[in-house]
Amino acid sequence: MEKIVIRGGKPLNGSVVISGMKNAALGIIFGCLLVKDKITLEDLPMISDVKLSLEILRRMGAEVAENADGSVVIDCTNAVGGISPCDLVKKMRASYYLLGAELGRFGRAKVGRSGGCDFGTRPIDQHIKGFEALGGVVTLSDDYIRIEAENGIRGSELFFDVITVGGTINMLLAAVLAEGTTVIENAAKEPHIVDVANFLNTCGAVITGAGTDTIKIKGVKELHGCTYAIVPDMIEAGTYMIAAAATRGCLRIENVIPKHLESITAKLVEMGVSVDEFDDAIVVSAPDPLRHINLKTLPYPGYPTDMQPQICALLSISEGTSHLIEGVIENRFRYVEELRRLGASIEVNGKTATINGVSGLHGARVRAVDLRAGAAMVIAGLASDGVTEIEDIHHIERGYNDIVGKLKKVGADIEKVEIQTL
Ligand code: UD1
């Protein structure tokens, strides 16, 4: 087991290059199951969730090989459905994409219950509603979810009751090879939805409207291989934007799509942070002090819930009182207790956090209670006086490609060390 040790108080300065987007990569990797051909994926972030997804496909009979240039070739021609290893599936949330992908490819699915960050209950009723609309009969047991579509997958119209990223991607995967046309209303609009749709279209699918709330999928008989580069990760980029602001440094963040960052940029500018946009880069710097704001997380194009803990860390060292409302996920404030250990003054009442800015944080031993909470601990540690030790960093490594190496290059005093056990 390892921990991250940060000697804080040093401004970040220099350039950092953003990796491919985790949440797009995971949908695309499982989407490869639909294709009986070779797919070459470029800009895959080599984070633990990606490695796990590739291993799950391998165990299902796919051939997976890494090229010298870092691209990964996936061939699912001989993959077999219903045999994904439960022990790996339960380690991550996005393994639920196997349901849509197996249903689309084989007309049936059998997948263990998925895991991921603990945010309270994370229902998948909308996914199930979608599979049923396509002709699937869904059976739930404690360990498995099974779907049978005896008469094949047939295109259908579906209105999601809540906006769901996972549900929308699962519908794309299940419906691309269906007979007829599927229409999803009230679809999620996140850039990763667009990226998964672009990938499938590059393989020969006929999907229109991704990025709007109505997506149409005209079923095709088969998909073919392709080479596809994953879109840059807006959440990784946003995390470095906030790290630059929290340390009052100046970072040039490269390989980004500034449009995807608009809601994050808008809130940072409101706080007094300076953000300059270029074609595929942004430069972020911050004066001292920063101002308090009010913020509510929303589905895209609103401010992302996956950037909520990070901005909470920044607000905790900004002037005045900020109100932060979680508008997407049931329970996403478990990390607040950890920020308090560093000296933050935050009260949580239901889905609202009230943050009273303090003049500074002080290093302490904290835990990464989940992936983005872990990123908030890193940001807080970078901005703190003294030494911060972060444990349970496997959560952080699920979603951030070489975070320690990237931060070191821009001036952070940060290292990963083995935890000594007796
Ligand atoms: C995905 C992301 C996660 C991000 C989240 C919201 C992946 C692998 N994970 O998670 O990083 O935080 O989007 O942007 O891409 N809901 C239902 N029924 C459903 C589905 C969802 O009620 O069938 C509700 C739940 O309260 C849930 C919320 O909608 O908490 C958001 O869910 P969803 O958009 O589906 O998020 P995930 O796919 O779990």
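Preceding this paragraph is the structure being described.
So, how was this worked out
Residues numbered from 1 in each chain as written. Predicted model: local features only at pLDDT ≥ 70, side-chain atom pairs only at ≥ 80, totals over all residues. Heavy atoms only, no water. Helix = DSSP H or I, 4+ residues; strand = E, 2+ residues; numbered from the N terminus. Rg over C-alpha atoms; globule rule 2.2 N^0.38 Å. Buried < 20%, exposed > 50% of the residue type's maximum accessible area, 1.4 Å probe, protein only. Contact = heavy atoms within 4.5 Å. Areas by Shrake-Rupley, 256 points an atom, 1.4 Å probe, with all protein chains shown as cover. Lys, Arg positive; Asp, Glu negative; His and termini not counted. Charge placed at Lys NZ, Arg CZ, Asp CG, Glu CD. Axes fitted to C-alpha atoms, helices over the stretch in contact; angles between N-to-C directions. Parallel < 35°, antiparallel > 145°, perpendicular 65-115°, else oblique. Nonpolar A, V, L, I, M, F, W, Y, C, P; charged D, E, K, R; others polar. Near = heavy atom within 4 Å. Polar contact = N/O pair within 3.5 Å; in protein donor to acceptor, adjacent residues only side chain to side chain. Core = buried A, V, L, I, M, F, W, Y, C linked by side-chain atoms within 4.5 Å. Salt bridge = Lys/Arg side-chain N within 4 Å of Asp/Glu carboxyl O. Pairing = 2+ DSSP bridges.

Peer 1: Outline the overall build of the protein, listing residues and values.
Peer 2: Helix and strand counts for the protein stand at 14 helices and 23 strands. Against the 2.2 N^0.38 benchmark of 22 Å for 422 residues, the protein shows a C-alpha radius of gyration of 21 Å, consistent with a compact globule. By principal-axis analysis of the C-alpha atoms, the protein measures approximately 65 × 45 × 40 Å. Taken over 422 residues, the protein has a buried fraction of 56%. Pairs at least 24 residues apart make up 72% of the contacts formed inside the protein by residues separated by at least 6 positions. Within the structure as shown, the protein displays about 16400 Å² of accessible surface, and the carbon and sulfur contribution to it stands at 47%. Taking the 43 positively charged and 54 negatively charged side chains of the protein as two groups, their mean positions are separated by 2 Å.

Peer 1: Requested: an account of the packing of helix H9 (residues 262-271) against helix H10 (residues 308-315), with residues and values cited.
Peer 2: Taken N-terminus to C-terminus, the directions of H9 and H10 make an angle of 5°; their axes are 12 Å apart at the nearest point. Put simply, H9 runs roughly parallel to H10. Facing H9, whose interface residues are Lys267, Leu268 and Met271, H10 presents Ile311, Leu314 and Leu315. Class assignment of the residues belonging to the contact of H9 with H10 gives a composition of 5 nonpolar, no polar and 1 charged.

Peer 1: Give a detailed account of the site of the ligand, specifying residues and quantitative values.
Peer 2: Near the ligand lie 21 residues; those nearest to it are Tyr96, Asp125, Gln126, Thr164 and Asp306. In this structure, Asn23 approaches the ligand through a side-chain N or O atom, which is 3.2 Å from an oxygen atom. Between the ligand and Asp306 there is a distance of 2.5 Å, counted from an oxygen atom to a side-chain nitrogen or oxygen. For the ligand, whose free accessible area comes to 740 Å², the fraction covered by protein is 89%. For the shell around the ligand, the elements supplying multiple residues, two or more each, are helix H5 (125-133) and helix H6 (165-175). Looking at the shell around the ligand, the element that brings in the most residues is H5, giving 3 residues.

Peer 1: Account for the nonpolar core, with residues named and values stated.
Peer 2: Counting residues in each nonpolar core, the largest one holds 151 residues, and the members touching the most others are Leu200 and Ile253. Apart from residues lying up to four places away in sequence, Ile253 is in contact with Val16, Ile18, Ala237, Tyr240, Met241, Asp280, Ala281, Ile282 and Val284.

Peer 1: Now, about H9: what can you tell me, with residues and values included?
Peer 2: Turning to H9, its buried residues are Ser263, Ile264, Thr265, Lys267, Leu268 and Met271. Its buried side turned inward, H9 meets helix H8 (234-246), strand E15 (274-277), strand E17 (294-296) and H10. Positive phi shows up at Gly272, right after H9, with a value of about 110°.

Peer 1: If you had to explain the pattern of salt bridges to someone new, which residues and values would you point to?
Peer 2: Per the stated rule, a full pass over the model turns up 23 salt bridges. The closest approach of N and O atoms between Arg7 and Asp413, which form a salt bridge, is 3.6 Å. Placement of the pair is Arg7 in strand E1 (residues 2-7) and Asp413 in strand E23 (residues 413-418), with a sequence separation of 406 residues. For Arg7, a relative accessible area of 34% translates into the label partly exposed. Residues joined by salt bridges that share partners form a network here, namely Lys3, Arg365, Glu389 and Glu391.

Peer 1: Lay out the pairing of strand E3 (residues 38-42) in plain terms, naming residues and giving numbers.
Peer 2: For a regular strand, side-chain orientation follows a simple rule: the groups alternate between the two sheet faces. Note that E3 and strand E5 (residues 72-75) share 4 bridges and pair antiparallel. By the bridge assignment, Ile39 is partnered in E5 with Ile74. As judged from the 4 bridges shared by E3 and strand E13 (residues 226-229), these two strands associate in the parallel manner. Residue pairing across strands places Leu41 opposite Tyr228, the latter belonging to E13.

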